[in-house]
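Single-letter residue listing:
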Amino acid sequence: MRLNHLYKAFVVFSLAILGCLPYAHAQEFPPKKTITIVVGFAPGGSADSAARLIAKKLSEDLGQNVIVDNKPGAGGNIAHAYTANATPDGSVILFGSIGPLSIAPHLMKLPYDPQKDLAPITMGVTFPNVLVVIPELGVKNFKEYVAMAKKNPGKITFASTGSGSASHLQGELLNVRADIDTIHVPYKGGSPAMVDLLGGRVSSYYSALATADPYIKNGKLIPIATTGLKRAPTLPNVPTIAESGYPGFDAVNWYAFVAPGKTPDVIVEKWNKALVAVLNDKATNKQLAEHGLTPNPSSREDLAKYIASQSATWGKIISDRKITAE
């Protein structure tokens, strides 16, 4: 009889241990399988380039295979939805972007909630855009651009990579701050926007630095201001909008690391430490800087606050300017 009780106790104990195994396995770091960094844009762009540089160093640090999985489409929302539903064991993380994390929720119904279904890990990189104009517009600096816009409301156009994109909302933010009326012209990406700008079909564009750089150097475009609080290292003589009469104007692009929302805290914290170490690596910093990107590692808590702050800022602009998704 006593043996029977002992047997039952052993069975219960064994089942309890077995029940804990998946949980214990989920706490392993790094996971004993290939690690995937999901990117919401096509190969060759700034997000992809940064992710691959970071993945290379991560692989060296962790002694683990780290790959980049590009899932472009819907302004990055496909990749974000994929990650929100990925296995939360630490093997999948996302190089998330400003659009899906802070802008898209105000424009459309998403199949995921960025604040609940994705867990902040650390900020990755930040980079301003540069407001460039064609020489034919007849302005040589930002002050002249604003003055012309005030004298000619509804006449100056600015291109963007799509309705609700960072380049779109940067223009709308200037419209609000400077009390001007420049007209938004959306495109399906940076390449067609640049083609029409160079062709004179639009007069200005909030462009990525790397995209505009060759045309600035050959004189086909004039850089008149950048959108961050600090001057861009690659354009040290170009003032920021903030220092040109609109203090606090801060409209940078950013990519941040997030994990599936149900990933255990202990794993997310370990990812934070691993990624912060990579982002603080001098060689990786130098390589990212060559792409016009500034590493900006942070705590999990600071990233969560920043995403919420960005969401509030752009949500108000979207509401005030009555912006809708196309």
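Owing to the predicted nature of the structure, the values given are computational and were not obtained by experimental measurement. (Residues numbered from 1 in each chain as written. Predicted model: local features only at pLDDT ≥ 70, side-chain atom pairs only at ≥ 80, totals over all residues. Heavy atoms only, no water.)

(A) A look at the overall build of the chain. The helix and strand tally for the chain stands at 12 helices and 11 strands. Taking all 326 residues of the chain together, the buried fraction comes to 49%. Counted over contacts in the chain with a minimum sequence separation of 6, partners at least 24 positions apart contribute 75%. For the chain, the distance from the average position of its 32 positive side-chain charges to the average position of its 25 negative side-chain charges is 2 Å. (Helix = DSSP H or I, 4+ residues; strand = E, 2+ residues; numbered from the N terminus. Buried < 20%, exposed > 50% of the residue type's maximum accessible area, 1.4 Å probe, protein only. Contact = heavy atoms within 4.5 Å. Lys, Arg positive; Asp, Glu negative; His and termini not counted. Charge placed at Lys NZ, Arg CZ, Asp CG, Glu CD.)

(B) Spotlight on the packing of helix α2 (residues 46-62) against helix α10 (residues 265-279). Contact pair α2 / α10: the axes reach a minimum separation of 10 Å and the direction vectors enclose 115°. Note that α2 runs across α10; the crossing there is right-handed. Contacts between α2 and α10 involve Ile54, Lys57, Leu58, Asp61 and Leu62 on the former and, on the latter, Trp271, Ala274, Leu275, Val278 and Leu279. Considering only residue class, the contact of α2 with α10 consists of 8 nonpolar, no polar and 2 charged. (Axes fitted to C-alpha atoms, helices over the stretch in contact; angles between N-to-C directions. Left-handed = near helix turned anticlockwise from the far one by under 90°. Nonpolar A, V, L, I, M, F, W, Y, C, P; charged D, E, K, R; others polar.)

(C) Up close: the packing of aromatic side chains. Within the structure shown, the criterion is met by 8 aromatic pairs. For the ring pair Trp254 and Tyr306, a centre distance of 5.6 Å and an interplane angle of 70° mean the geometry is edge-to-face. Placement of the pair is Trp254 in strand β10 (residues 253-260) and Tyr306 in helix α12 (residues 300-320), with a sequence separation of 52 residues. Above the plane of the ring of Tyr82 lies Lys71, whose end atom (NZ or CZ) is 4.3 Å from the centre. (Phe/Tyr/Trp six-rings, centres within 6.5 Å; stacked < 30°, edge-to-face > 60°. Lys NZ or Arg CZ within 6 Å of the ring centre and 35° of its normal.)

(D) Quick peek at α12. With 21 residues, α12 extends 30 Å from end C-alpha to end C-alpha; this agrees with the ideal 30 Å at 1.5 Å per step. Of the surrounding elements, those touching the buried residues of α12 are α4 (98-103), β4 (118-127), α7 (166-178), β10 and α10. Lys322 occupies a position one or two residues after α12 and carries a positive phi of about 55°. (Expected span 1.5 Å × (residues − 1).)

(E) Local environment of the layout of surface pockets. Taken as a whole, the second largest pocket spans an internal volume of roughly 500 Å³. Lining the second largest pocket are 24 residues, and of these Thr126, Phe127, Lys230, Val252 and Thr294 lie nearest its centre. Looking at the lining of the second largest pocket, the elements that each hand over two or more residues are β4, β11 (294-295) and α12. Classifying every residue of the lining of the second largest pocket by side-chain character gives 13 nonpolar, 7 polar and 4 charged. (1 Å grid on protein atoms, 1.4 Å probe; cavity = no way out; pocket = protein on both sides within 12 Å on 5 of 7 lines; lining within 4 Å. Points joined across faces, edges and corners; volume = space filled by probe spheres on them.)

(F) Structural detail: helix α3 (residues 77-84). With respect to burial, α3 is a largely interior element, 6 of its 8 residues being buried. Within α3 the residues assigned to the buried category are Asn77, Ala79, His80, Ala81, Thr83 and Ala84.

(G) View of the pairing of strand β7 (residues 183-186). Where strand β6 (residues 157-160) and β7 come together, 4 bridges link them in parallel fashion. If you follow Thr157 over to β7, its bridge partner there is Ile183. Regarding the hand of the β-α-β motif, the stretch spanning β6, α7 and β7 is right-handed. (Pairing = 2+ DSSP bridges. Right-handed = clockwise from strand over helix to strand, strands pointing away.)

(H) Molecular detail of the sheet that holds strand β9 (residues 222-226). Strands sit in the order β7-β6-β8-β5-β9 across an open sheet of 5 strands; the sheet is mixed. The sheet terminates laterally at β7 and β9, the two strands that pair on one side only. Along the sheet, successive strands turn relative to each other by an average axial angle of 30°, direction set aside. Here 5 bridges tie strand β5 (residues 129-133) to strand β8 (residues 204-208), and the two strands are oriented antiparallel to one another. Note on β8: the bridge partner recorded for Leu131 is Tyr206. Each of β5, β6, β7 and β8 touches α7; the most contacted strand, β6, lies at about 150° to it.

(I) Fine view of unusual backbone geometry. With an omega of -5°, the peptide bond between Phe29 and Pro30 qualifies as cis. Mapped onto the secondary structure, Pro30 falls in the loop between α1 (2-26) and β1 (35-39). Residue Ala74 is not a glycine yet carries a positive backbone phi of 55°. You can see Ala74 is positioned in the loop between β2 (66-70) and α3.

Geometric values such as these leave the question of function open.
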